[in-house]
Amino acid sequence: MHKLLCFIILSCMLQGCGVNNSAEKGGFYKSRNEIFIDDSLNKAAKAVERGNTSTLDELTEQGLDVNATGLHGYNLLYWALRSGEPKSFEKLLQLGANPDALTETGKSVTYLAADNDDSRYLSLALKYGAFVNGISTAEMDTPIFRALGGQNLNNTLILLKNGADKDFQNKFGETPAMSAAALRNFAFVDIMVEHGADHCKVSRWGGTLLDRLEKAEELMDKSAAEYQIVKRLLRTLPACNI
């Protein structure tokens, strides 16, 4: 019971349970008029919503700063992501929008795109120079943590292909693989190990990925498909000399 409670608490911490994300949630639910009060920025945001790239060109020629921000530090690139407008998203990137600019919540558009179901946004951000290991100051982690947490396989693979740091340690000292294990996403743990993740990194709590897998094995339903993944990893990964 004690092990199960610890597992749940750690999973909660890694998912941000109890963390005040009111600004991010507020920004998501607010309208264009509430976020973009400035007239020219509001007009640009309206063009973004409609995929009107020619208007974005015109406004930029008239002096629009494509990196200007509205409420909570949200910019036009964020608005394109939220509006589901990949054409506007790419046009803004072509016009010089910075995908790594942080909002007041400490998260960039690149970071937020990492768990978006439409992988075009993440791919475009990286194509136009986004830093694959850009740090979210809110979570002190990188986009691959976001992709793993959202169980977004395609984005995880895109990030790995573009050089994501497999062994980056967040504010808890957790690597992406440790984080995935805490969230019981063992297929993602398997992918990280396949791509060379170091299973012997030690977290702030003093444990390794192997420790996490051993605890998970004790708690798992032995008939579950992912149990076989855990069992295989424990059988094949070498012991850590710590």
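For the structure, see preceding data.
Each value, and the rule that gives it
Residues numbered from 1 in each chain as written. Predicted model: local features only at pLDDT ≥ 70, side-chain atom pairs only at ≥ 80, totals over all residues. Heavy atoms only, no water. Phe/Tyr/Trp six-rings, centres within 6.5 Å; stacked < 30°, edge-to-face > 60°. Helix = DSSP H or I, 4+ residues; strand = E, 2+ residues; numbered from the N terminus. Buried < 20%, exposed > 50% of the residue type's maximum accessible area, 1.4 Å probe, protein only. Contact = heavy atoms within 4.5 Å. Polar contact = N/O pair within 3.5 Å; in protein donor to acceptor, adjacent residues only side chain to side chain. Core = buried A, V, L, I, M, F, W, Y, C linked by side-chain atoms within 4.5 Å. Salt bridge = Lys/Arg side-chain N within 4 Å of Asp/Glu carboxyl O. Expected span 1.5 Å × (residues − 1). Arc of directions from axis to C-beta. Axes fitted to C-alpha atoms, helices over the stretch in contact; angles between N-to-C directions. Parallel < 35°, antiparallel > 145°, perpendicular 65-115°, else oblique. Nonpolar A, V, L, I, M, F, W, Y, C, P; charged D, E, K, R; others polar.

Visitor: Please explain the packing of aromatic side chains as it appears in this structure.
Guide: The description of an aromatic ring pair rests on the distance of the ring centres and on the angle between the ring planes. Under the definition given, this model contains 5 aromatic pairs. Residues Phe89 and Tyr121 carry aromatic rings whose centres are separated by 5.0 Å and whose planes lie at 85 degrees to one another, so their mutual orientation is edge-to-face. One end of the pair, Phe89, is in helix 7 (residues 86-94); the other, Tyr121, is in helix 9 (residues 120-127), with 32 residues separating them in the sequence. With respect to class, Phe89 is no different from Tyr121; both count as buried.

Visitor: For this particular structure, what's the right way to read the environment of Leu81?
Guide: Inspection of the secondary structure puts Leu81 in helix 6 (residues 76-83). By relative accessible area, Leu81 is classed as buried at 8%. Once the C-alpha coordinates of Leu81 and Asp118 are considered, the two residues, 37 residues apart in sequence, prove to be 9.6 Å apart. With residues up to four places along the chain from it excluded, the contact list for Leu81 reads Phe89, Val109, Leu112, Ala113, Asn116 and Tyr121.

Visitor: Would you mind showing me how to read the side chain of Asn152 here?
Guide: Assignment of secondary structure puts Asn152 in the loop between helix 10 (143-149) and helix 11 (153-161). Taking the relative accessible area as the measure of exposure, Asn152 reaches 8% and is therefore buried. Looking at Asn152, its side chain comes within polar contact range of the main-chain nitrogen of Asn155, at 3.0 Å. Residues within four places of Asn152 in sequence aside, it is in contact with Ala114, Asp115, Asn116, Asp117, Ser119, Ala147 and Phe188.

Visitor: For this particular structure, what's the right way to read the environment of Phe36?
Guide: In this fold, Phe36 is placed in the loop between helix 3 (32-35) and helix 4 (39-50). Judged by relative accessible area, Phe36 falls into the buried class, the value being 1%. On a C-alpha basis, the gap between Phe36 and Trp79 in space is 9.9 Å, while along the polypeptide they are 43 residues apart. Excluding residues that lie within four positions of it along the chain, Phe36 makes contacts with Leu41, Asn42, Ala45, Gly70, Tyr74, Asn75, Leu76 and Trp79.

Visitor: What exactly am I supposed to notice about the nonpolar core here?
Guide: The tendency in soluble globular proteins is for nonpolar side chains to be buried side by side. Ranked by internal contacts, the top residues of the largest apolar core, which has 63 residues, are Leu76, Phe89, Leu92, Leu159, Phe186 and Val189. Beyond its immediate chain neighbours, meaning those up to four positions away, Phe186 contacts Ala181, Leu213, Ala216, Met220, Glu226, Ile229 and Val230.

Visitor: Explain the pattern of salt bridges to me, please; I cannot follow it from the model alone.
Guide: Working definition: two side chains of opposite charge can pair if their charged atoms are close together. In the structure shown here, the tally under the stated rule is 8 salt bridges. Note that Arg212 and Glu174 form a salt bridge whose closest N and O atoms lie 3.1 Å from each other. Within this pair, whereas Arg212 is found in helix 14 (residues 209-219), its partner Glu174 is found in the loop between helix 11 and helix 12 (176-182), the two being separated by 38 residues in sequence. Per residue, the accessibility class of Arg212 equals that of Glu174, and both read buried.

Visitor: Explanation requested: the side chain of Thr105 in the structure shown.
Guide: Note on placement: Thr105 falls in the loop between helix 7 and helix 8 (109-113). A polar contact of 2.6 Å, which involves the side chain of Thr105, links it to the side chain of Thr103.

Visitor: Sorry, what's going on with helix 15 (residues 225-236) here?
Guide: Count 3.6 residues to each turn of an α-helix, and residues three or four apart come out pointing the same way. Compared with the 16 Å implied by 1.5 Å per residue over 12 residues, the 18 Å span of helix 15 between its first and last C-alpha is a close match. Considered for burial, the residues of helix 15 that qualify are Tyr227, Ile229, Val230 and Leu233. In a view along the axis of helix 15, the buried residues occupy a sector of 155 degrees, so they form one face of it. Opposite the buried face of helix 15, by more than 90 degrees, sit the exposed residues Ala225, Arg235 and Thr236. Buried residues belonging to helix 15 abut helix 13 (186-194) and helix 14.

Visitor: Would you mind going over the packing of helix 7 against helix 9 with me for this structure?
Guide: Helices that pack against each other are described as a pair by the angle of their axes relative to one another and the distance between those axes. It is at 10 Å that the axes of helix 7 and helix 9 come closest, and there the two elements cross at 10 degrees. On the basis of their axis angle, the class for helix 7 and helix 9 is roughly parallel. Contacts between helix 7 and helix 9 pair Pro86, Phe89, Glu90 and Leu93 from the former with Arg120, Tyr121, Leu124, Ala125 and Lys127 from the latter. Within the contact of helix 7 with helix 9, the residues separate by chemical class into 6 nonpolar, no polar and 3 charged.

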